[in-house]
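Analysis of the macromolecular model
Single-letter residue listing:
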Amino acid sequence: MAMERVELVDEASGSRAEVLVGRGFNCYRFIPQVDGREVDVLWSVPGFEKGEGRGSGSGIPLLFPFPGRIGGAKYEFGGKTYQLEANHGTTAIHGFVLERPWQLVEQTASRAKATFHAQLADPKLLELWPADFKISVTYQVQGRRLASTIEIENPDQQPLPFGFGTHPYFRVPLGEEGDAARCKITVPAASYWELADMLPTGRKLPVDDSRALAGGKAFAETKLDDVLDDLQFGKDGMALTRIEDTGSGRSMRMSFDRGFRACVVYNPPHREAICIEPYTCVPDPFVLSERGLDVGLRVLGPGERFVGEILIEVV
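Here is what the cut-offs are and how they apply
- Residues numbered from 1 in each chain as written.
- Predicted model: local features only at pLDDT ≥ 70, side-chain atom pairs only at ≥ 80, totals over all residues.
- Heavy atoms only, no water.
- Helix = DSSP H or I, 4+ residues; strand = E, 2+ residues; numbered from the N terminus.
- Polar contact = N/O pair within 3.5 Å; in protein donor to acceptor, adjacent residues only side chain to side chain.
- Contact = heavy atoms within 4.5 Å.
- Buried < 20%, exposed > 50% of the residue type's maximum accessible area, 1.4 Å probe, protein only.
- Pairing = 2+ DSSP bridges.

**Description of the side chain of H117**
Mapping H117 onto the fold places it in strand 12 (residues 111–117). Of the polar contacts made by the side chain of H117, one reaches the side chain of D132; its length is 2.7 Å. Not counting the four nearest positions on each side in its chain, H117 is found in contact with D132, F133, K134 and P155.

Here is the structure:
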């Protein structure tokens, strides 16, 4: 099944990206030119652009209006209980937009912007969420960099609770001559959320040895599916995560702004990639917020807007 797709090319550098507008506006391919050679950064299943595989299992899935799981596929907000589809065991996972078509609203050679407006795309979604929502994402390829700008708007007259995250699958190694086992993974986090049945219990703990990624850890030593928190942000207001390939000498750097308060790190079973996932909130945020915990659940008033930025670069 062919899906609407756009290709973005930076003519000055030759770097390019491919985005599936018809499947969650997923950027499933980013190939920068590095020292005259192509580096394939993102992992995806063969035929992903034709509908193969899970929408959350390739490229850069966009997770909205909630990233991660909601326990029991049910939550409460504003005195009302909402029942979601249990699409991962007994839980709901990763929101509503990652498998659906988006609307392309702007495009140049190296830049594309698309939106998903719930009321226009599928009015039935308004039965599952407290307010209408509109999310817009812009991708731009420039040199060795893929920049993403995320805009979330409340077009409703009711408060809009939300969380947003991305779920990028970064290839290891970074090039055919690299060594996946020796790639070093760095995420500047000081704590993690204890999980039970993959849902946060509400306990936040200092990172232990298996989750201590701030100083870098060899990919071979990682076996993770964890929610990391207390991220370190630089003077530029960005948190910097890295994959350093000692075999090829290349490094993938992903940075994101303070709008993101947690980062999930996940090893897919195939171990051909690692996921480093910036989230604006901790999974299952409604339950945790009701307990008085600060987990990053955001609420936009009518007409309000959130803007976030994520940068991916290969050096």
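**Overview of the pairing of strand 25 (residues 262–266)**
With five of five residues buried, strand 25 lies mostly within the body of the structure. Neither face of strand 25 is exposed, since A262, V264 and Y266 on one face and C263 and V265 on the opposite face are all buried. Here strand 22 (residues 225–231) pairs with strand 25 via four bridges, running antiparallel. Residue L228 lies in a different strand from strand 25, and its bridge partner there is C263. Where strand 25 and strand 26 (residues 273–279) come together, five bridges link them in antiparallel fashion.

**Details of the sheet that holds strand 13 (residues 134–142)**
Backbone hydrogen bonds hold the strands of a sheet together, and the pairing may be parallel or antiparallel. Here we have nine strands laid out as an open sheet, ordered 11-12-13-14-28-24-23-18-21, and antiparallel in their pairing. The open sheet has two edge strands with one neighbour each: strand 11 (103–107) and strand 21 (217–218). Bridge analysis of strand 18 (residues 184–186) against strand 23 (residues 238–245) gives three bridges, and the strand direction is antiparallel. Each bridged residue has a counterpart across the sheet, and for K184 the counterpart in strand 23 is E244.

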